[in-house]
Amino acid sequence: MMISSGSDLKNKSTSSPFLTPPLLRDNDLLLSLARTTPADPGKKHVPGYLFLMVHLPDRAVAGVVSLRIGNPETDLYFPGQIGYRVRKAYRGRHYAERSLKLILPFAREHGWKSLWISCRPDNAASRKCCEHNGGKLHEMTGMPEWHEMYGQGYREICRYVIDL
C-alpha cells in the first residue's frame, strides 16, 4: 500500500468539490489520503475524503477517518461530516481525537464555519473525542427507520457541533 500525504491529489476541474489536503500529522500519526469518493445520489451519499490513520513508527494502518462534503442540515443530518474508526490494537492512544484535531483546519478550508459529528449515546470514546476538540452536544435524536443507519443498529444519536 502506498502512503502519501495527499499532496499528489489535484483538482481535475473547477467544479470538483475536492481540495488538495496539506500534510496532516503529529508526532507518530499521519493522516494519509487513501481516496476521494464522488457523490452517489442513488445511495444518498455525498462526496468525501477517506484518510488512513498511519502509526508512523511501524507504518501500520491504525484506523480511518472520513470527511464528508455535504449539507449537515439535510444530507448529513444523521451521519455528520466526520466519521472515524480505530483498530482495536491502536485504541487508547487518542488516534480518533488526534485525527479530528488534524483535520479541522482542512475542513475550514472548505468554507465551513462549523463541523457536525454524530455518534451513539453509549460511545463514550467518540463523545470524548468530540468534546476534547471543542464539540458541544447539540441534541440527542432518534434514528428514523428509513435511514440506512437504522439498519446498522443505530436507534438514537448524539449530534455534536464544533465551531471552526
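Residues numbered from 1 in each chain as written. Predicted model: local features only at pLDDT ≥ 70, side-chain atom pairs only at ≥ 80, totals over all residues. Heavy atoms only, no water.

A.B. asks: Summarise the overall build of the protein; cite the residues concerned and give the values.
C.D. replies: If you tally the helices and strands in the protein, you get three helices and eight strands. Secondary structure of the protein in N-to-C order comes out as β-β-β-β-β-α-β-α-β-α-β. For 164 residues, the compact-globule estimate of 2.2 N^0.38 gives 15 Å, and the C-alpha radius of gyration of the protein, at 15 Å, lies within 12% of that figure. Here the C-alpha coordinates of the protein stretch approximately 40 × 40 × 30 Å along the principal axes. Within the protein, the proportion of its 164 residues that are buried is 46%. In the protein, the share of contacts with a sequence separation of at least 24, taken over all contacts with a separation of at least 6, comes to 57%. Here the protein displays about 9100 Å² of accessible surface, and carbon together with sulfur accounts for 51% of that area. Of the side chains in the protein, 23 bear a positive and 16 a negative charge, and the two mean positions are spaced by 5 Å. (Helix = DSSP H or I, 4+ residues; strand = E, 2+ residues; numbered from the N terminus. Rg over C-alpha atoms; globule rule 2.2 N^0.38 Å. Buried < 20%, exposed > 50% of the residue type's maximum accessible area, 1.4 Å probe, protein only. Contact = heavy atoms within 4.5 Å. Areas by Shrake-Rupley, 256 points an atom, 1.4 Å probe, with all protein chains shown as cover. Lys, Arg positive; Asp, Glu negative; His and termini not counted. Charge placed at Lys NZ, Arg CZ, Asp CG, Glu CD.)

A.B. asks: Can you tell me about the environment of Tyr150, naming the residues and giving the values?
C.D. replies: Mapped onto the elements of the fold, Tyr150 is located in helix H3 (residues 148-151). Taking relative accessible area as the criterion, Tyr150 reaches 22% and is therefore assigned partly exposed. Sequence separation between Tyr150 and Lys128 is 22 residues, and the spatial gap between their C-alpha atoms is 23 Å. Other than its neighbours up to four places away in sequence, Tyr150 contacts Met143, Pro144, Glu145 and Arg155.

A.B. asks: Any details on the pairing of strand E5 (residues 82-86)? Residues and values, ideally.
C.D. replies: Summarising burial for E5: four of the five residues are buried, a large majority. Inspection of the sheet shows strand E4 (residues 60-68) paired to E5 by five bridges, in the antiparallel sense. Along E5, the bridge assignment pairs Gly63 with Val86. (Pairing = 2+ DSSP bridges.)

A.B. asks: An account of helix H1 (residues 95-108) is requested, with residue identities and associated values reported.
C.D. replies: Taking 1.5 Å per residue as the helical rise, H1 with its 14 residues ought to reach 20 Å, and the 20 Å between its terminal C-alpha atoms agrees with that figure. Considering bend angle alone, the principal kink of H1 is centred on Leu102 and spans about 30 degrees; proline Pro105 follows within four residues of it. The buried fraction of H1 is high, at ten of 14 residues. What H1 keeps buried is the set Tyr95, Ala96, Arg98, Ser99, Leu100, Leu102, Ile103, Leu104, Phe106 and Ala107. (Expected span 1.5 Å × (residues − 1). Bend = angle between axes of the 7 residues up to and from the residue.)

A.B. asks: Summarise helix H2 (residues 124-132); cite the residues concerned and give the values.
C.D. replies: Inspection of H2 places Ser126, Arg127, Cys129 and Cys130 among the buried residues, and these make up the whole buried set. For H2, the angular spread of the buried residues around the axis is 155 degrees, confining them to a single face. Counted as exposed and oriented over 90 degrees from the buried face of H2: Ala125 and His132. If you follow the buried residues of H2, they end up packed against E5, H1, strand E6 (114-119), strand E7 (136-142) and strand E8 (156-163). (Arc of directions from axis to C-beta.)

A.B. asks: Give a description of the confidence of the model for the protein that names residues and reports values.
C.D. replies: If pLDDT is low for a region, its predicted coordinates should not be looked at in detail. Here the protein averages 90 in pLDDT, while 91% of its residues score no lower than 70. In the model of the protein, H3 stands out as the element of lowest mean pLDDT, 91, in contrast to strand E3 (residues 48-55), which has the highest, 98. For residues 1-14, every residue scores under 50 in pLDDT, and the model assigns this stretch 28 contacts once sequence neighbours within four places are set aside. (pLDDT = per-residue confidence, 0-100.)

A.B. asks: I'd like a rundown of the pattern of salt bridges, residues and numbers included.
C.D. replies: Opposite charge on two side chains permits them to pair, given that their charged atoms come into close proximity. Inspection of every chain in the model, using the stated rule, returns three salt bridges. In this structure, Arg159 and Glu139 form a salt bridge, with 3.0 Å as the shortest nitrogen-oxygen distance. Highlighted residues: Arg159 in strand E8 and Glu139 in strand E7, separated in sequence by 20 residues. One network of salt bridges, in which partners are shared, links Asp26, Asp28 and Arg98. (Salt bridge = Lys/Arg side-chain N within 4 Å of Asp/Glu carboxyl O.)

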